[in-house]
Amino acid sequence: METTAFDLIVIGAGSTGENVADQAIHGGLSVAVVESDLVGGDCSYWACMPSKALIRPGEALRAARAVKGAAAAVTGSLDPAAVLQRRDSFTSGWDDSGQVEWLEGTGATLVRGTGRITGEREVTVETDDGPVVLIARHAVAVCTGTEPNIPDIEGLRDARPWTTKDVTSAQQVPGSLAILGGGVAACELASAFASLGSDVTLIARHTLLGTMEAFAGEAVARRLRARGVQVRTGAGATRVERSGGTVTLTLSDGELVEAAELLVATGRRPRTGGLGLDVLGLDADDYLTVDDTLRVEGHDWLYAVGDINGRALLTHQGKYQARAAGDVIAARAAGQPVEDDTWGRHAATADHGAVPQVVFTDPQVASVGLTGKAAGERGIAARTVEYDLAQVAGASLHADDYQGKACLVIDEGKGTVVGATFVGPDVAELLHAATIAVVGEVPLHRLWHAVPAYPTMSEVWLRLLEATGDDFRTARR
Ligand SMILES: Cc1cc2nc3c(=O)[nH]c(=O)nc-3n(C[C@H](O)[C@H](O)[C@H](O)COP(=O)(O)OP(=O)(O)OC[C@H]3O[C@@H](n4cnc5c(N)ncnc54)[C@H](O)[C@@H]3O)c2cc1C
Ligand SMILES: NC(=O)c1ccc[n+]([C@@H]2O[C@H](COP(=O)([O-])OP(=O)(O)OC[C@H]3O[C@@H](n4cnc5c(N)ncnc54)[C@H](O)[C@@H]3O)[C@@H](O)[C@H]2O)c1
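Residues numbered from 1 in each chain as written. Chains lettered and ligands numbered in written order. Predicted model: local features only at pLDDT ≥ 70, side-chain atom pairs only at ≥ 80, totals over all residues.

How we decide: UniProt positions are given in the numbering used here, feature names are shortened, and annotations may be inferred rather than shown by experiment.
The protein chain has the name NAD(P)/FAD-dependent oxidoreductase in an unreviewed UniProt entry, where Tessaracoccus lubricantis is given as its organism. A UniProt comment under Cofactor (unreviewed entry) is attached to the protein chain, and it reads "FAD". Comment text from UniProt for the protein chain, heading Sequence similarities (unreviewed entry), reads "Belongs to the class-I pyridine nucleotide-disulfide oxidoreductase family."

Right, here's the structure in full:
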């Protein structure tokens, strides 16, 4: 059996694994990257990019229709075939040669096959040509991501439901689509497929976007309903059956929902199957618990980066962790000091309270940091200020009858912003200013001097500061 040694072995070439490799190579290490499917992972082929490509045309159409004068120029409807074709261009037709070229350009060695940890610093890869043993001189980074969590509902698996992988790569728009779940994926895909002409029914056990500020999910539910989506909140499915081209769901209240396809978007589970974690005494069914340098507790050579550690299931956060992990692995290998203190270069501190996320629904939801509720649960003396985005000149110019809302969560003790949420058309680009305010712990009295340009939606910052009721004119510097 062939055996090769590298400084670092990365298992999984998703957006996270690729970046761990790149960063470690910059630090002077030799790296092997093991991938069993497409280089680029979920984000490129079955998640972020194809889903946003399905969403964007509907957004663009609604944006034009929301401006008198421009609206008259929009006389047709979406062309679903062209939307799917444009989506295909973002996934390169599910061909990863471009990503392979990029990865190999970093200096990494790509090993195609399924990786399994077979001992300390040892990974065995099942390749088409048989098993290959890779030895890591310094570290192994597990970056294997997550897979859909299919709930245990009678008949569900036999009904051959779509997962997010099927829906983002769909080659046809179903006449009707039932969606199970009320989280980010369910809401985004409900919006996308409603735009594309499906009759959509969204079935959520609780409210929509339940981990965010309540007004976000309420606004999304309101707009989905206004666009003809059946939104069933507080309802679960107890039984599913497929007969021919129809899937029938029995809901907890006894009602029936019929659709041509059923999408299950009920969260994720760690992709740990067959990784050999039990050999190390780790729970093979759970996320891998790591410290802030992304190192697995109790194993000084093992790292878990990106979705697989369950800290924040987002591409940008996985890539942030990858920069820290690749850097710290190289530093430890070279015997250099590790800066793992809060906000140190080797610590993924932002994961704890400064994670930004944009939900590409109609309206968009953009949030960072803590909700008012989460701040309270952490014992922070927090207060929330809100402002109606429609009252901002930039928003009224952006779209007629603009509807939106913004809120800041303020740590009263520190006088800083610990969370922000914006809801409304095109609020995504408002988010990074909030992320900087949260990460930088910028005092409110200093934010008062950050003057938003007129007439932009960013003026909502000024209005939110005024809504605190504080007098920043007399505040200390
Ligand atoms: C529908 C949907 C939309 C999303 N949209 C967004 C968005 O807009 N923005 C955002 O930030 N996040 C979004 N996400 C989340 C985002 O997709 C993930 O956070 C991200 O893909 C995680 O990257 P990763 O590299 O950690 O894992 P993955 O992308 O899952 O990569 C893991 C890789 O490891 C490989 N692998 C697994 N096991 C092995 C093994 N044993 N051997 C070899 N290779 C292996 C897999 O084949 C895969 O290529 C979305 C998720 C979904 C489901
Ligand atoms: N724009 C983005 O950033 C984006 C888009 C999509 C997904 N993602 C990420 O991908 C991950 C997965 O997204 P997701 O929406 O699948 O997960 P999620 O955890 O956000 O939501 C899961 C939803 O499924 C519901 N649910 C769970 N079990 C259920 C059951 N048995 N029956 C009915 N409902 C059930 C939950 O109540 C919740 O509403 C998330 O962490 C998310 O952050 C990000």
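Next comes the rest of the write-up.
## Topic: the pairing of strand E10 (residues 230–233)
Under the convention used in this document: Being paired, for any two strands, means DSSP has found at least two bridges between them. Under the scheme used here, helices are H or I runs from DSSP no shorter than 4 residues and strands are E runs no shorter than 2 residues, and both carry numbers assigned from the N terminus.
Sheet topology note: the strand E9 (residues 199–204)/E10 ladder contains four bridges and is parallel. Residue pairing across strands places isoleucine 203 opposite arginine 232, the latter belonging to E10.

## Focus: the site of ligand 2
Definition in use: Nearness here is judged by the C-beta atom: place it from the backbone, and if it falls within 6 Å of a molecule or strand, the residue counts as near that partner. Classification used: nonpolar for Ala, Val, Leu, Ile, Met, Phe, Trp, Tyr, Cys and Pro, charged for Asp, Glu, Lys and Arg, polar for all others including Gly.
As a structural note, the neighbourhood of ligand 2 is formed by 24 residues, with Pro151, Gly181, Gly183, Ala185 and Leu313 the closest of them. Of all the secondary structure elements, the ones that give two or more residues to the shell around ligand 2 are helix H7 (184–195) and strand E17 (356–359). Sort the elements by how many residues they give to the shell around ligand 2 and H7 lands first, with four residues. Split into classes, the residues belonging to the shell around ligand 2 amount to twelve nonpolar, nine polar and three charged.

## Things to note about the nonpolar core
Just so we agree on the cut-off: The term nonpolar core refers to a group of buried residues, namely Ala, Val, Leu, Ile, Met, Phe, Trp, Tyr and Cys, whose C-beta atoms join them within 7 Å. Working definition of burial: number of other C-beta atoms within 10 Å of the residue's own, with buried at 20 or more, exposed at 12 or fewer, and partly exposed in between, all C-beta atoms being placed from the backbone. Whether two residues are in contact depends on their C-beta atoms, placed from the backbone: they are in contact if these lie within 7 Å.
Counting 147 residues, the largest nonpolar core has Leu8, Ile9, Val10, Ala141, Ile179, Ala190 and Tyr303 as the members making the most contacts within it. For this core, the element with the highest residue contribution is H7, accounting for nine residues. Here alanine 190 is in contact with Ile179, Val200, Leu202, Leu224 and Val229, once residues within four sequence places are set aside.

## What to know about the site of ligand 1
Basically, it comes down to this: Those domain boundaries reflect an automatic or database domain assignment.
Gly12, Gly14, Gly41, Gly145 and Gly306 are the nearest of the 35 residues found near ligand 1. Mapping the shell around ligand 1 onto the domain boundaries places at least three of its residues in each of domain 1 (2–40 + 96–147 + 270–350) and domain 2 (149–266).

## A short note on the UniProt feature "domain: FAD/NAD(P)-binding" (unreviewed entry) in the protein chain
In the numbering adopted here, UniProt assigns the feature "domain: FAD/NAD(P)-binding" (unreviewed entry) to residues 6–317. With 28% helix and 27% strand, residues 6–317 has its two end C-alpha atoms placed 26 Å apart.

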